[in-house]
Amino acid sequence: MELLLSYFLVLPLISLLISFFLPAKRESHISGIVIGSIALHLVAGLVFVLYWLLHGYPLLNSKLFTLYSTGSFEFFIDFHFDRATAVFSIVGSMIALFVSIFSRTYMHREEGFKRYFVTILLFFFGYQMVIFSGNFETLFIGWEVLGICSFLLIAFYRDRYLPAKNSLKVISIYRLGDICLMLVMWLIHHIFHKNITFSQLILPSELITYDHQLLTICVSILIMIAVAAKSALLPFSSWLPRAMEGPTTSSAVFYGALSIHLGVFLLLRTYPLWESLFIIKCLWISLGLLTALIASSISRVQSTVKTQIAYASIAQIGLMVVEIAMGWHGLALIHFAGNAFLRTYQLLISPSVLSYKIHDMVFNYKPLAIVSRNTWWSRWSDTFYVLNIKEWNLDTTLFKFLWNPFKKFGNRLTLPLNKTSYTIIPVMLSFGMAGFIADDHVHHYVDHSFTLITAISALIMILTAFTERGSAIRAWNRLGIAQGLLSISVALNEDFSFYQVMIYLSGIMIAYATGLYSLYQVKQVDQDIILDRFHGYSHNQKKMGLLFLVSCLGLIGLPFTPTFLGIDLLFFHIQYHQVLFVILTALSFIFIELSALRIYARLFMGQYKKADHAMAYRSS
């Protein structure tokens, strides 16, 4: 049975490749391939689950192949199947099938019909990769794919301002969760001293020490942040309503049903790691209850139907977190299935319900009776009403305390760096390369100091690119230089061989070159690629937009490049006691993705500057 697990990933991948090369005008062929492949996946899943149940529902684990191995480090693709996989896979296939059938008519003659269905298939592949994953490395591949699909579907109406803006907001929260999951993989390796599968998460009692317990608590807290970011738990709940800027059908499959529940799945997978930590269980229960209370109160007063559904779904996920922490995993799986189907149904019929409500309000209007509100209770209720209307200022608070300090820091460094970059950058790269070549002849103290200096320099480069309001080419060049500095900093820190450096840089160099080519091609249109506004070049530069998007994804190291493996290798060479160094590296990886996608959004999204076409509204 283990050999059959890989076929559940092969089928959507083959369908994705076929649909990608079909002409955009062949709507029936594109939608037919998507619907047919998902339907076949559902039938195969039902047959497999029935066969699995009849054979006593054993725990299945299949190590498919090893991508890279050196000593204690091994990057391998592993698949896992248990009751959580069975429930999430079947529910996911059913909902994806229903939404795809609904979308066939809903998206008919939409300009981005093919783009929508190809992204849905890519999402389905990433979702199944997460669900069937048997280790953190395999899970992280699907986790990254889902993040990019979210960005693309939120910004589906890319000629409008708010979808472009909100897609960057959502990907910023997602990226925070991605880096926390990456740090989990890094700490897990230092706890177990090898790459492990989910079935090996329980640490043997003879290996449990104070240091291991402390590291396990750190891992649990990082998992908590990753789950909160992915499933919109407090304090990250405000991104979910902003994600509803995409088509209603993608909102249903992503943020009502499947993607939003992947935090719950990660909790189920990692439960053996933190089930014996009482303090972590208390934190999970407190976070789940607080999220459920606040999200349900917000959902009751919102004026838009999508926002109401979003916060109602968040409230139920908070209760699922409590159920998992209490050990009621069967109840959590039933709760997930019920909530996923309900929210999908609510989102799909929301346009019809809204139309009915508007007609009912017009033809059956009844004014509310005037009630005196001078009592003590009414004043308190009005206060909470205003707080809930404002969504407890979660969005403003996140921006003020999470992102704004880095933007201010980057803005202050931009002007000095512009004046000195032609001297400082070559010197830093030259010293770094010299230190890497002569590593054995450099004193350890000097080596460690220069490692931190190089890591700080890389972060400064990325932050100035993140806040760049001028040339897109200058921002892109800084991201390329920052990637080189990051590889040098880790190479100086540990025995990072030249071969491993090239694994990390191989994908980056190709992506950087193609991205630079795309920018120069776009610049020839009207000599304007300034990042102080949205240009909307996707209106007449679709191919360059696609090429630059792929270049951005390659530069940040998504799974289709060797850089993805190189990032795991890079973190493997950082010791767990090097707290400052790992913080600098993690911040660099957070902002390098945001900076690259910001350049893409500013150039290729938003209204096209020339008014020779139909102009879009501000929001969807």
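The following refers to the structure shown. (Residues numbered from 1 in each chain as written. Predicted model: local features only at pLDDT ≥ 70, side-chain atom pairs only at ≥ 80, totals over all residues. Heavy atoms only, no water.)

### Remarks on the overall build of the protein chain
Check the secondary structure of the protein chain and you find 21 helices and 2 strands. Computed over the C-alpha atoms, the radius of gyration of the protein chain is 25 Å, within 12% of the 25 Å expected from 2.2 N^0.38 for a compact globule of 620 residues. Taken over 620 residues, the protein chain has a buried fraction of 57%. The contacts of the protein chain with a sequence gap of at least 6 include a subset with a gap of at least 24, amounting to 80%. Total accessible area computed for the protein chain in this model is approximately 27000 Å², and 67% of it derives from carbon and sulfur atoms. (Helix = DSSP H or I, 4+ residues; strand = E, 2+ residues; numbered from the N terminus. Rg over C-alpha atoms; globule rule 2.2 N^0.38 Å. Buried < 20%, exposed > 50% of the residue type's maximum accessible area, 1.4 Å probe, protein only. Contact = heavy atoms within 4.5 Å. Areas by Shrake-Rupley, 256 points an atom, 1.4 Å probe, with all protein chains shown as cover.)

### Quick look at the pattern of salt bridges
Here the structure, examined in full by the defined rule, presents 13 salt bridges. Note that Arg269 and Asp82 form a salt bridge whose closest N and O atoms lie 2.8 Å from each other. In this pair, Arg269 sits in helix H10 (residues 262-274) while Asp82 sits in the loop between strand E2 (73-81) and helix H3 (83-106), placing the two residues 187 residues apart along the sequence. Considered together, Arg269 and Asp82 belong to a single accessibility category, that of buried residues. Notably, a salt bridge pairs Asp528 with Arg533, separated by 2.3 Å at the nearest N-O pair. Taking relative accessible area as the criterion, Asp528 reaches 14% and is therefore assigned buried. Judged by relative accessible area, which is 36%, Arg533 ranks as partly exposed. Taken together, the salt bridges that share partners define one network made up of Glu144, Arg175, Asp178 and Glu593. (Salt bridge = Lys/Arg side-chain N within 4 Å of Asp/Glu carboxyl O.)

### Let's talk about the nonpolar core
Of all hydrophobic cores here, the largest spans 208 residues; its most connected members are Trp239, Trp284 and Phe571. In this structure Phe571 touches Met182, Leu183, Trp186, Val582, Thr585, Ala586 and Phe589, once residues within four positions along its chain are discounted. (Core = buried A, V, L, I, M, F, W, Y, C linked by side-chain atoms within 4.5 Å.)

### Considerations on unusual backbone geometry
For the peptide bond that leads from Leu234 to Pro235, omega is 5°, which places it in the cis range. Secondary-structure assignment places Pro235 in the loop between helix H7 (210-231) and helix H8 (239-242). With a phi angle near 35°, Tyr57 is a residue other than glycine that sits in the positive phi range. Here Tyr57 is to be found in the loop between helix H2 (27-54) and strand E1 (60-70). According to the relative accessible area criterion, Tyr57 is exposed, its value standing at 56%.

### Some details on the environment of Trp52
If you trace the backbone, Trp52 turns up in helix H2. We classify Trp52 as buried; its relative accessible area is 4%. Each C-alpha atom, one on Trp52 and one on Glu27, is 37 Å from the other, the two residues being 25 residues apart in sequence. Setting aside chain neighbours within four positions, we find Trp52 in contact with Met1, Tyr57, Pro58, Leu60, Phe81, Asp82, Arg83 and Ala86.

### Let's talk about the packing of helix H5 (residues 136-154) against H10
Any two packed helices are characterised by the angle at which their axes cross and by the distance between the axes. Contact geometry of H5 with H10 gives a least axis separation of 13 Å together with a crossing angle of 175°. One way to sum up the angle between H5 and H10 is to call them roughly antiparallel. The residues of H10 that touch H5, namely those facing Phe136, Leu139, Trp143 and Leu146, are Leu262, Phe265, Leu266 and Thr270. Taken together, the residues of the contact of H5 with H10 break down into 7 nonpolar, 1 polar and no charged. (Axes fitted to C-alpha atoms, helices over the stretch in contact; angles between N-to-C directions. Parallel < 35°, antiparallel > 145°, perpendicular 65-115°, else oblique. Nonpolar A, V, L, I, M, F, W, Y, C, P; charged D, E, K, R; others polar.)

### Some points on helix H17 (residues 472-493)
Since there are 3.6 residues in each turn of an α-helix, residues three or four apart along the chain are aligned in direction. The first and last C-alpha atoms of H17 sit 32 Å apart over 22 residues, in line with the 32 Å expected at 1.5 Å per residue. Among the 22 residues of H17, 19 are classified as buried, and the element is accordingly described as predominantly covered. Residue Ser471 occupies the N-cap position of H17, its side-chain oxygen lying 3.2 Å from the main-chain nitrogen of Ile473. (Expected span 1.5 Å × (residues − 1). Polar contact = N/O pair within 3.5 Å; in protein donor to acceptor, adjacent residues only side chain to side chain.)

### Here we look at the state of the cysteines
One pass over the full model with this rule turns up 0 disulfides. Cysteine Cys218 is unpaired, with the sulfur of Cys180 as its nearest cysteine sulfur at 12 Å. No disulfide involves Cys552; its sulfur sits 16 Å from the nearest other cysteine sulfur, which is in Cys149. (Disulfide = S-S within 2.5 Å.)

### Things to note about the side chain of Ser259
Topologically, Ser259 is positioned in the loop between helix H9 (248-257) and H10. Owing to a relative accessible area of 0%, Ser259 belongs among the buried residues under this scheme. Side-chain polar atoms of Ser259 contact the side chain of Tyr174, separated by 3.4 Å. If we skip the residues at most four places from it in the chain, Ser259 touches Phe123, Tyr174, Lys230, Val253 and Phe254.

### What about the packing of aromatic side chains?
Enumeration according to the criterion identifies 33 aromatic pairs in this entry. Sitting above the plane of the Trp143 ring, Lys230 keeps its charged end 4.7 Å from the centroid. (Phe/Tyr/Trp six-rings, centres within 6.5 Å; stacked < 30°, edge-to-face > 60°. Lys NZ or Arg CZ within 6 Å of the ring centre and 35° of its normal.)

### Focus on the packing of helix H6 (residues 161-192) against helix H21 (residues 579-604)
The N-to-C vectors of H6 and H21 enclose an angle of 150°; their axes lie 10 Å apart at closest approach. As summarised for this structure, H6 and H21 are arranged roughly antiparallel, according to the angle between their axes. Read as a crossing pair, H6 and H21 show a hand that is right-handed. Residues Leu168, Ile171, Ser172, Arg175, Leu176, Ile179, Leu183 and Trp186 of H6 pack against Val582, Ala586, Phe589, Ile590, Glu593, Leu594, Leu597, Arg598 and Ala601 of H21. Its residues placed into classes, the contact of H6 with H21 shows 13 nonpolar, 1 polar and 3 charged. (Left-handed = near helix turned anticlockwise from the far one by under 90°.)

### Remarks on the pairing of E1
As paired strands, E1 and E2 are joined by 9 bridges and run antiparallel to one another. From the neighbouring strand, Tyr68 faces E2, where its bridge partner is Phe75. Hairpin geometry of E1 and E2 is characterised by an intervening segment of 2 residues between the two adjacent antiparallel strands and by a positive phi of about 60° at Gly71. (Pairing = 2+ DSSP bridges.)

### A word on a nonpolar patch on the surface
Where nonpolar side chains cluster on the molecular surface, the patch consists of Leu354, Ile358, Met361, Val362, Phe363 and Tyr365 and spans about 700 Å² of accessible area. Within the secondary structure, Ile358 is located in helix H13 (residues 329-363). (Patch = residues over 30% accessible without salt bridge, like charges linked within 9 Å, V, L, I, M, F, W, Y side chains within 5 Å.)

### Thoughts on helix H1 (residues 7-20)
With 14 residues, H1 extends 20 Å between its outermost C-alpha atoms, agreeing within 8% with the 20 Å of an ideal straight helix rising 1.5 Å per residue. Among all positions of H1, only Phe8, Leu9, Pro12, Ser15, Leu16 and Ser19 are buried. Along the axis of H1, the buried positions cluster into a sector of 135°, meaning they face one direction only. The elements touched by buried residues of H1 are H2, E2 and helix H4 (113-132). (Arc of directions from axis to C-beta.)

### So, the side chain of Asn166
If you trace the backbone, Asn166 turns up in helix H6. You can call Asn166 buried: its relative accessible area is 6%. Every residue in contact with Asn166, bar those within four places of it in the chain, is listed here: Ile154, Arg242 and Glu245.

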